[in-house]
Amino acid sequence: KKKKKEQQAVNMDRRAFGLGAMATLSLSACASASPRFLTYDGPEVTSLVINKGARKMYLLHNEQILKTYDVRLGFAPTGTKTKRGDGRTPEGSYLIDRRNPNSSYHLSLGISYPNSQDIAQAKAAGVDPGGDIFIHGEPKKR
């Protein structure tokens with residue numbers, strides 16, 4: 001029952017995408033495994049869905065939820081990121097385009113923010129859109 005409710009929530013959230021309730025992130029750029037990262041031997045993870053309102057991240061294989069994580073966001077999470085230092089989390093579709101193996105956080109994955117639309121909106125507002133946005137786990141234990 002719990003999985004079915006979560007799946008319904010993801011489907012409902014995807015329909016709300018135009019409202020900016022979440023970001024979807026494609027994993028295609030990180031398909032190759034690096035020896036510095038644990039290997040995974042399950043269904044292909046085709047996307048991540050972040051539901052900012054529910055503070056949840058879903059790993060998906062097509063429409064099937066593989067895993068759900070609780071997430072924390074920046075210091076000002078309401079609304080979409082518009083400029084450097086605003087503490088907000090971008091809303092939209094982005095690619096995971098890099099890994100940071102030297103991060104002090106667990107599994108640090110960079111996203112392709114800002115995209116061309118983010119850059120155009122920031123330019124029109126006369127602000128720097130910022131960048132270097134990462135999804136990551138807790139700090140590594142020393």
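Engineer: Lay out the confidence of the model for the chain with the relevant residues and their values.
Structural biologist: Averaged over every residue, the pLDDT of the chain is 80; residues scoring 70 or more account for 73%. Averaged over each element, pLDDT in the chain is lowest for strand 1 (residues 22-26) (43) and highest for helix 2 (residues 116-125) (96). In this model, residues 14-34 is a region of pLDDT below 50 whose contacts with residues beyond four sequence positions or in other chains number 59 contacts.

Engineer: Describe the pattern of salt bridges, with residues and values.
Structural biologist: Under the counting rule described, the total for this entry stands at seven salt bridges. Between Asp-86 and Lys-81 there is a salt bridge whose closest N-O contact spans 2.9 Å. Pair check on accessibility: Asp-86 and Lys-81 agree, each one buried. For Asp-128, the salt bridge goes to Arg-84, with nearest N and O atoms at 3.0 Å. Here the residue Asp-128 occupies a position in the loop between helix 2 and strand 7 (134-135), and Arg-84 occupies one in the loop between strand 4 (64-70) and strand 5 (93-99), the gap between them amounting to 44 residues. With relative accessibility at 51%, the residue Arg-84 sits in the exposed group. Linked by salt bridges that have partners in common, Asp-97, Arg-98 and Asp-132 make up one network.

Criteria and thresholds
Residues numbered from 1 in each chain as written. Predicted model: local features only at pLDDT ≥ 70, side-chain atom pairs only at ≥ 80, totals over all residues. Heavy atoms only, no water. pLDDT = per-residue confidence, 0-100. Helix = DSSP H or I, 4+ residues; strand = E, 2+ residues; numbered from the N terminus. Contact = heavy atoms within 4.5 Å. Salt bridge = Lys/Arg side-chain N within 4 Å of Asp/Glu carboxyl O. Buried < 20%, exposed > 50% of the residue type's maximum accessible area, 1.4 Å probe, protein only.

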